[in-house]
Amino acid sequence: TTPLTFIKDRVKGLCLTLVIGGPLLYIVLWFFMSAGPNAWFYVFLTLTTFQVILLFLMPVLILPLFMEMIPLPEGTAVITGEQKGDSGPAFLFTRVFYAHDDQVGGRPAWITKDRRFAGAKAGGTLALHWSDDASAGASPGWVISEGLP
């Protein structure tokens, strides 16, 4: 994350606090000043209703302000995870690879988009596929490469 992105996200968060939190705080305080001994119950109902509504609106209205939401492709996915004691490159940890239409060596191929890998604005493509290329002197096995398989 760049410093500019950090500052923009902080400003957006402050604006959301003022736009959403301000009126909600006003309602809570109003209940405590005017509803008497049952104010706690009205506040509970108000906050619970607000949270349930926000549960559905958050991915549609608020998250897109901070993150780019991309549709997931159809089909099966392979999720990689961090291996304990593994000293491999950190950029390969916790990736979601989606099944690709092509097969390599009669085995399925998997792809993912990753902005950190290629440094491109749209993101680089990583492919997880089977390689039995003996010309490089490597033994057959699963490899991760840049680009489509």
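Residues numbered from 1 in each chain as written. Predicted model: local features only at pLDDT ≥ 70, side-chain atom pairs only at ≥ 80, totals over all residues. Heavy atoms only, no water.

Enquirer: Quick question: what am I supposed to make of the overall build of the protein chain here?
Expert: Each helix and strand counted, the protein chain has three helices and five strands in total. Each helix and strand of the protein chain, placed in order from N terminus to C terminus, yields the pattern α-α-β-β-β-α-β-β. Going through the 149 residues of the protein chain one by one, you find that 16% of them count as buried. Long-range contacts, defined as pairs at least 24 residues apart, comprise 24% of the intrachain contacts of the protein chain with a sequence gap of at least 6. For the protein chain, the accessible surface area stands at approximately 11,300 Å², while carbon and sulfur atoms represent 66% of it. (Helix = DSSP H or I, 4+ residues; strand = E, 2+ residues; numbered from the N terminus. Buried < 20%, exposed > 50% of the residue type's maximum accessible area, 1.4 Å probe, protein only. Contact = heavy atoms within 4.5 Å. Areas by Shrake-Rupley, 256 points an atom, 1.4 Å probe, with all protein chains shown as cover.)

Enquirer: I tried to follow the confidence of the model for the protein chain on my own but got confused; where do I start?
Expert: The predicted structure's coordinates, where accompanied by low pLDDT, should not be read in detail. Of all residues in the protein chain, 67% attain a pLDDT of 70 or more, and the chain-wide mean is 77. Within the protein chain, the lowest mean pLDDT, 54, falls on helix α3 (residues 115–118), and the highest, 94, falls on helix α1 (residues 3–34). (pLDDT = per-residue confidence, 0-100.)

Enquirer: Would you explain α1 in this entry?
Expert: Every α-helix winds through 3.6 residues per turn, so residues three or four apart in the chain are directed the same way. Taking 1.5 Å of rise per residue, the 32 residues of α1 would be expected to cover 46 Å, and the 45 Å separating its terminal C-alpha atoms lies within 8% of that figure. The sharpest bend along α1 measures roughly 35° and falls at Gly 21, with the proline Pro 23 sitting one to four residues further on. The inward-facing, buried residues of α1 abut α2 (39–66). Of the residues trailing α1, Gly 36 is marked for its positive phi of about 75°. (Expected span 1.5 Å × (residues − 1). Bend = angle between axes of the 7 residues up to and from the residue.)

Enquirer: For this particular structure, what's the right way to read the environment of Gly 106?
Expert: Mapped onto the elements, Gly 106 comes out in the loop between β2 (96–104) and β3 (107–114). Between the C-alpha atoms of Gly 106 and Trp 130, which are 24 residues apart in sequence, the distance is 8.6 Å.

Enquirer: Help me understand the packing of aromatic side chains, please; the structure alone is not making it clear to me.
Expert: Any pair of aromatic rings gets described here by the distance separating the centres and the angle formed by the planes. What the rule picks out here adds up to four aromatic pairs. Consider the rings of Phe 31 and Tyr 42, whose centres lie 5.8 Å apart with planes at 25°: the pair is stacked. On the criterion of sequence distance, the pair formed by Phe 31 in helix α1 and Tyr 42 in helix α2 is long-range, its members being 11 residues apart. When its relative accessible area of 37% is taken as the criterion, Tyr 42 is described as partly exposed. Aromatic ring contacts, followed pair by pair, group Trp 30, Phe 31, Trp 40, Phe 41 and Tyr 42 into a single cluster. Geometry around Phe 66 places Lys 12 over its ring, the cationic atom sitting 5.8 Å from the centre. (Phe/Tyr/Trp six-rings, centres within 6.5 Å; stacked < 30°, edge-to-face > 60°. Lys NZ or Arg CZ within 6 Å of the ring centre and 35° of its normal.)

Enquirer: Explain the packing of α1 against α2 to me, please; I cannot follow it from the model alone.
Expert: The packing of two helices is summarised by the inter-axis angle and the distance between the axes. Across the interface, α1 lies against α2 with an axial gap of 11 Å and an inter-helix angle of 160°. Taken as axis vectors, α1 and α2 run roughly antiparallel relative to one another. Like other packed secondary-structure pairs, α1 and α2 cross with a definite hand, here right-handed. Taken together, the residues of α2 that come into contact with α1 (itself represented by Asp 9, Lys 12, Gly 13, Leu 16, Ile 20, Leu 24, Ile 27, Val 28, Phe 31 and Phe 32) are Ala 39, Trp 40, Tyr 42, Val 43, Thr 46, Leu 47, Phe 50, Ile 62, Leu 65 and Phe 66. Here the residues of the contact of α1 with α2 sort into 16 nonpolar, two polar and two charged. (Axes fitted to C-alpha atoms, helices over the stretch in contact; angles between N-to-C directions. Parallel < 35°, antiparallel > 145°, perpendicular 65-115°, else oblique. Left-handed = near helix turned anticlockwise from the far one by under 90°. Nonpolar A, V, L, I, M, F, W, Y, C, P; charged D, E, K, R; others polar.)

Enquirer: Would you mind going over the pattern of salt bridges with me for this structure?
Expert: Pairing between side chains of opposite charge can happen when their charged atoms approach one another. Counted according to the given criterion, the structure contains one salt bridge. We note a salt bridge from Lys 12 to Asp 9, for which the minimum N-O separation is 4.0 Å. With a gap of three residues between them, Lys 12 and Asp 9 both fall in helix α1, about one helical turn apart. Residue Asp 9 is classed as partly exposed on the basis of its relative accessible area of 24%. (Salt bridge = Lys/Arg side-chain N within 4 Å of Asp/Glu carboxyl O.)

Enquirer: So what exactly am I meant to see when it comes to a nonpolar patch on the surface here?
Expert: On the surface, Phe 32, Trp 40, Phe 41, Tyr 42, Phe 44 and Leu 45 cluster together into a nonpolar patch covering about 640 Å² of accessible area. Tallying contributions element by element places α2 first for the nonpolar patch, with five residues. Turning to its location among the elements, Trp 40 is positioned in helix α2. (Patch = residues over 30% accessible without salt bridge, like charges linked within 9 Å, V, L, I, M, F, W, Y side chains within 5 Å.)

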